[in-house]
Amino acid sequence: MKRAEVHFAAWIKTLEKVFPYSDAITREHLRFSVEGDELILRLRGQPFVVKYLKPVRDAEPVPLEFKPHPVLYLADRFSAEKAEEMRAAHRPFVDLRGNAFISIPGVYLFVAGRHAKADVSEGLLPGTTGKLFKKSGIQLIGLLLTDPNLDDDPDHAWLNRSVRDLADKAGLSLGSVSELLAEMKAREFMVADGRTKRLINRRKLFDAWVHAYAEFRLRRKRQCFTADSIGWWENRHPSKEGFRWGGEPGAAILTGRFLRPGKLTLYADQPLYDLVVDANLHTATGDWTVEILEPLPGFADGPDPNCVHPLLVYADLIATGDNRNAEAARRIYADHLRRTIESA
C-alpha cells in the first residue's frame, strides 16, 4: 500500500467516526475514492478533496487551495470563532470534536462549540517529510524555481552549478544542500540526464512549497503594524528606499491594479525607520495592517523592480487565506508562473 493510502485509510476511518450525521447525511452518504494523489469524498454526489489540516491558532489564516473540487478540511479542532470564520468564507470542514460546516444543494450543516475530542486512530498526520519543506528546503526550492535560466539555459542554471555555488547563493551549508538535492531526487522532483539535472513534477513541488512557505512565514522574523490608512503605499519608491512590495501591493502591481490592497506586505533586509515614521505606523499586538519581513536569500528579481518575484507574491496571497485574493493569485500564476511550473 502506498504511503499516501495509509494516511487516507486513517482519514476515512476518522471522518466516518466524527462526522455529525443527521437525517440529511448518514454514513451511507459518505463515498470515498482515491484519485491520483488526492482523497475524494462525495457527499450526496458533491465531490470534495479531503485535506488534513494541522492545528492552527485562531489568529492564523488557513491558506487558500486551488483544487479541481472544493476542499473539505479534516482538522484537529476549530474554536467557535474559527468555525464561524470558516463558515463565513464558505470553506467546508470537519474537526475531531464533531464540529463541521458543509453546504451543498439540499443540505446546510453547521456545528460549532463542541469540545470533547473523539477517540480516533493515529496516522492522520503524514510522518516526517525530511527537510525539503522546512526552512532550508524552502530557501533552496525558491531559489531554483525563480532562476531565469532554469529552462532557458539549463547548463547555467543554479541547479547545475556546483554544490558550493548553490550553497553560497542560498545561504546554506554544503551538507544541507547535498541532503536536499538527494531528497529531491528520492521524492522524484529531480532527475539527472548525464551531467544535467532537471526539475520534474513541478506542479506538485510548487504546491507543496507554497503551503510550506505559508506556515514558515508565520514563524519567521517579521514586524507587524497598524496604520490609520494605507493609501500612501502607491507614493513610496521601494527600489530607492531599500524594500520591495510583496503580498497584496505586489499583486496590485503585477496585475495592473486588479487587486486593491487591504493590507501591505514589505520585504526589507534593513530597518525602515523613515517609512514607519512617515506612515505613522504603530506596533500591532493583534490584527495588523502592515507587515515587514526579511527577504529570502537567493531569489531572482521579478519583472518589476518595486516588488519581489511573482512566486513570493503568489505565496503571500495564498497564505492570507482570504478569498478576495484568489483571483489575483490565479492571474499571477497564469501570467508569470505557469510557463515555468507546467513545463515539466
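To be clear, the structure that these remarks concern was listed above.
In this report, we go over the structure that sits alongside the text. Nothing here was measured: the structure is a model prediction, and the numbers come from that model.

## Describing the sheet that holds strand β14 (residues 290-293)
Piece 1. What the five strands build is an open sheet, ordered β11-β12-β14-β10-β13; its pairing is mixed. If you trace the sheet from one side to the other, it starts and ends with β11 (244-246) and β13 (282-283), each paired once.
Piece 2. Where strand β10 (residues 222-226) meets β13, two bridges bridge the pair, whose relative direction is antiparallel. Across the sheet, F225 pairs through a bridge with T283, a residue of β13.
Piece 3. Packing against the sheet, helix α9 (residues 247-254) makes contact with β11 and β12 (264-267), and its axis sits at approximately 95° to β11.

## Re the packing of helix α5 (residues 163-170) against helix α6 (residues 174-186)
Piece 1. Here α5 crosses α6 at 105°, and the two axes come no closer than 9 Å. Here α5 is positioned roughly perpendicular relative to α6, judged by the angle of their axes. The segment α5 lies against α6, with V163, R164, L166 and A167 engaging L174, V177, S178 and L181.
Piece 2. The residue makeup of the contact of α5 with α6, split by class, is six nonpolar, one polar and one charged.

## A short note on the sheet that holds strand β3 (residues 46-53)
Piece 1. Ordered by their spatial adjacency, seven strands build an open sheet running β1-β2-β3-β4-β5-β6-β7, and the pairing between neighbours is mixed. Both outer strands of the open sheet, β1 (30-35) and β7 (107-111), are each paired with one neighbouring strand and no more. Strand-to-strand twist in this sheet, taken as the mean axis angle between neighbours without regard to direction, amounts to 25°.
Piece 2. Here β3 pairs with strand β4 (residues 71-75) via five bridges, running parallel. Bridging from a neighbouring strand, V49 pairs with V71 of β4.
Piece 3. Lying on the sheet, helix α2 (residues 80-88) is in contact with β4, β5 (93-95), β6 (100-104) and β7; it crosses β7 at an angle near 155°.

What counts and what doesn't
- Residues numbered from 1 in each chain as written.
- Predicted model: local features only at pLDDT ≥ 70, side-chain atom pairs only at ≥ 80, totals over all residues.
- Heavy atoms only, no water.
- Pairing = 2+ DSSP bridges.
- Helix = DSSP H or I, 4+ residues; strand = E, 2+ residues; numbered from the N terminus.
- Contact = heavy atoms within 4.5 Å.
- Axes fitted to C-alpha atoms, helices over the stretch in contact; angles between N-to-C directions.
- Parallel < 35°, antiparallel > 145°, perpendicular 65-115°, else oblique.
- Nonpolar A, V, L, I, M, F, W, Y, C, P; charged D, E, K, R; others polar.

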